[in-house]
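# A closer look at the structure
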Amino acid sequence: MYLVTAQQMRELDRETIERLGIPAIALMENAGRAIAEEIIALCRRRGRGSAAPASAGSYEAGGYSVVGEYSIADGHAKASGSGGVDAAWKGFMVSDDVALTLDSAAAEHWLILVGKGNNGGDGLAAARYLSEAGVAVTLVYAVPPESLTGEAALQRDAAAAMGLSAVVYGRDRLDFAECSGILDALLGTGAAGAPRGAYAELIAAANSSGKAIVSADIPSGLNADTGETHEPCIHASVTVCLAFLKRGLLQYPGAAAAGHVVVRSIGIPASLAREAGVTTYLLTPEVLRTRLDVDLSRCRSPEGHKGTYGHVLVAAGTMPMSGAGLLSARAALRSGCGLVTWALPQKLLPFVIGAAPELMLAAVGSSPDGSWEAGTAAELLKLSVERDVMAVGPGLGRFTGDNDWLRRLWEETACPLVIDADALNILAEQDYSSWNNRRQPVILTPHPGEMARLAGLSTAEVQHDRIGLALAYAQEHGVILVLKGAHTVIATPEGQAYVNTTGHPGMGTGGAGDVLTGVISGLLAQGLKAVQAAAFGVYLHGLAGERAAYRRHNPASLIAGDIIEEL
Ligand SMILES: NC(=O)C1=CN([C@@H]2O[C@H](COP(=O)(O)OP(=O)(O)OC[C@H]3O[C@@H](n4cnc5c(N)ncnc54)[C@H](OP(=O)(O)O)[C@@H]3O)[C@@H](O)[C@H]2O)[C@@H](O)CC1
Ligand SMILES: Nc1ncnc2c1ncn2[C@@H]1O[C@H](COP(=O)(O)OP(=O)(O)O)[C@@H](O)[C@H]1O
Ligand SMILES: [K+]
């Protein structure tokens, strides 16, 4: 599934209208209809006492489901499916437009908040379809209706001709308490800055009404690109995103303001996005399979042996943070690689022997306190010759000469490198673009704090537009960047980005990132390309985190080791 910016969306709209010759009003009609269908589906779910649509699971026992997370409303299942064993002749049958039929319509009254632009036009079209379904609607114009232009003006006139009741904000009486739901069609991708005047007042009133809000395309007040929420910003139960998923709907805090996101087609072909060079995707099983060519089954060859699945070298751990190395190394094993060697300061060895009997241990250095030393670079380089990937950083700490130490590993290892934790902090102090080019890829896995140090920004600035920053950084530095946190972004030097939505807030616990480093390294060792290993690793790590969270009475109790056990 493509992820677009507002600018890209405008270009795709224009292409569809000008090159394909599909009239803008047709797209708006499709948008209005899709929004109305989703509102009716919401009313039905409410009638059944369920607040949110059942999201299709992204993992099923024994394999990966092909169903995307952004499923379409449940009414469709009933509307279709006339074939099969039940198709035996039962007399002449005619069925109604099920997606636009609501038994409980008489109990519904929706306020349609209408802005001046095309987003308002979408809302007006939706209002007609809702009214046809028997739902009472009241149009609430944020601006005098005379100021609407183009297709939005056509929709205004059609709504008036149908006799839909309308009020103008600030001129007519308006009581949110009388409605059963609110359609937010105030501002879409054409919005600039914080909502002003009547828009701001309507948004604030809608939020404080306590009624269910459905947003057309994006919640009004959201920056469609960055996910920044202006003050005020609609807090929607459902956002019916039109044509393509907007980047801002996946990035927090926007992702929280959007509620459940449903992407609906309005007649703009997906092939246009490909032709226009859109290279940002929601990371789904389908994207993993088709764009990244990942074998989700992770099938083992019947004649395979441990040598078939690669050997990871983990350079990690110090006396106070030995667990970080252990977590990474164990996670690498669980990701399916054949062998894992954990290189660790010699002093630690007696304390970790037996902690994970499947691991091989390689003691390096001779520091009396179990810290790393600059001289261990030569030992690691030697160890790396027989290994397929090196992971460096978890629980590493800082030590004298660590800059040159990392530089040697960077310049002299002949295998892919995964750099995490303190190794990222070392990197942040370097102008590493001047280091010798590597032939094998580097994957950096920063959390937002580490990313801030790498990019010379504050953590808040990192979180402001994670997709944009990850893309820019990966391209500038020629690395694969895994920007961790809720909705981890994987960006490539070639300008692709994948946004992952697996995972659980329970994963905010010490060591969860060390586990990810191990998973990505283990996949690399099995021969996946760097971008495949980074994206699939993040995806699997998130799924394992979800399963671990649901296994506990309270997900707050999740600890990093639980994630390994669910891999
Ligand atoms: N064919 C198409 O193009 C299709 C478009 N589609 C739909 O159109 C949406 C984009 O429509 P859009 O470009 O007309 O902009 P939109 O978001 O409605 O708002 C612009 C208006 O708002 C105003 N305004 C702006 N900022 C403001 C602020 N901070 N505070 C207050 N007011 C502000 C500004 O007014 P002005 O500042 O000029 O007075 C301007 O008139 C898109 O999200 C999707 O829903 C789909 O149906 C697919 C087909
Ligand atoms: N709210 C969340 N939703 C999804 N994943 C999360 C969330 N919080 C943290 N995670 C994941 O947990 C891991 C935490 O990594 P990190 O902060 O590096 O932990 P540590 O340094 O303790 O190992 C990352 O993979 C991150 O994406
Ligand atoms: K909106």
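Residues numbered from 1 in each chain as written. Chains lettered and ligands numbered in written order. Predicted model: local features only at pLDDT ≥ 70, side-chain atom pairs only at ≥ 80, totals over all residues.

Taking an unreviewed UniProt entry as the reference, the protein is identified by name as Bifunctional NAD(P)H-hydrate repair enzyme belonging to Paenibacillus monticola. UniProt's Subunit (unreviewed entry) comment on the protein is quoted here verbatim: "Homotetramer." (UniProt positions renumbered as here; feature names shortened; annotations may be inferred.)

### Here we look at the site of ligand 2
Surrounding ligand 2, one finds 18 residues, the nearest of these being H447, G503, M507, A512 and G513. In terms of residue count, helix α18 (residues 512-525) provides more of the shell around ligand 2 than any other element does, 4 residues in total. Its residues assigned to classes, the shell around ligand 2 comprises 6 nonpolar, 10 polar and 2 charged. (Near = placed C-beta within 6 Å. Helix = DSSP H or I, 4+ residues; strand = E, 2+ residues; numbered from the N terminus. Nonpolar A, V, L, I, M, F, W, Y, C, P; charged D, E, K, R; others polar.)

### Here's the deal with unusual backbone geometry
Residue P232 is reached from E231 by a cis peptide bond, and omega for that bond is 0 degrees. Within the fold, P232 resides in the loop between β6 (212-216) and β7 (238-242). Of note, the amide linkage connecting Y252 to P253 takes the cis form, showing an omega dihedral of 5 degrees. Mapping P253 onto the fold places it in the loop between β8 (245-246) and α7 (254-258).

### Comments concerning helix α13 (residues 402-412)
When α13 is considered as a whole, its buried residues turn out to be D402, W405, L406, L409 and W410. Looking straight down α13, one finds that the buried residues subtend no more than 130 degrees of arc, so they occupy a single side. Elements in contact with the buried residues of α13: α12 (376-384), β14 (389-392), β15 (417-419) and α14 (421-428). (Buried ≥ 20, exposed ≤ 12 C-beta atoms within 10 Å, placed from the backbone. Arc of directions from axis to C-beta. Contact = placed C-beta atoms within 7 Å.)

### Let's talk about the UniProt feature "binding site: K(+)" (unreviewed entry) in the protein
This chain's UniProt record puts "binding site: K(+)" (unreviewed entry) on N119, D184 and S220. For this annotated set, covering 102 residues, all C-alpha atoms fall within 9.6 Å of each other, a compact arrangement in space. Take N119: it is sitting in helix α4 (residues 118-132). Contact partners of N119, with chain neighbours within four places excluded, come to A185, L186, L187, G188, A216 and D217. Here S220 lies in the loop between β6 and β7. Owing to 30 C-beta atoms within 10 Å, S220 belongs among the buried residues under this scheme.

### Observations concerning the pairing of β6
Put simply, side chains in a regular strand alternate between the two faces of the sheet. Across the 5 residues that make up β6, a large majority, 5, are buried. What you see with β6 is no split at all: A212, V214 and A216 on one side and I213 and S215 on the other are buried throughout. Taken together, strand β5 (residues 181-185), helix α6 (residues 197-209) and β6 constitute a β-α-β crossover, and its handedness is right-handed. (Right-handed = clockwise from strand over helix to strand, strands pointing away.)

### Points about the domain arrangement of the protein
Assigned domains of the protein: these are domain 1 (3-72 + 100-278) and domain 2 (289-565). Just the C-alpha atoms count here: the centres of domain 1 and domain 2 sit 40 Å apart. Contact residues are listed per partner, giving 14 residues for domain 1 and 13 residues for domain 2. Looking at the side of domain 1 that touches domain 2 residue by residue, the class counts come to 6 nonpolar, 4 polar and 4 charged. (Domains from an automatic or database assignment.)

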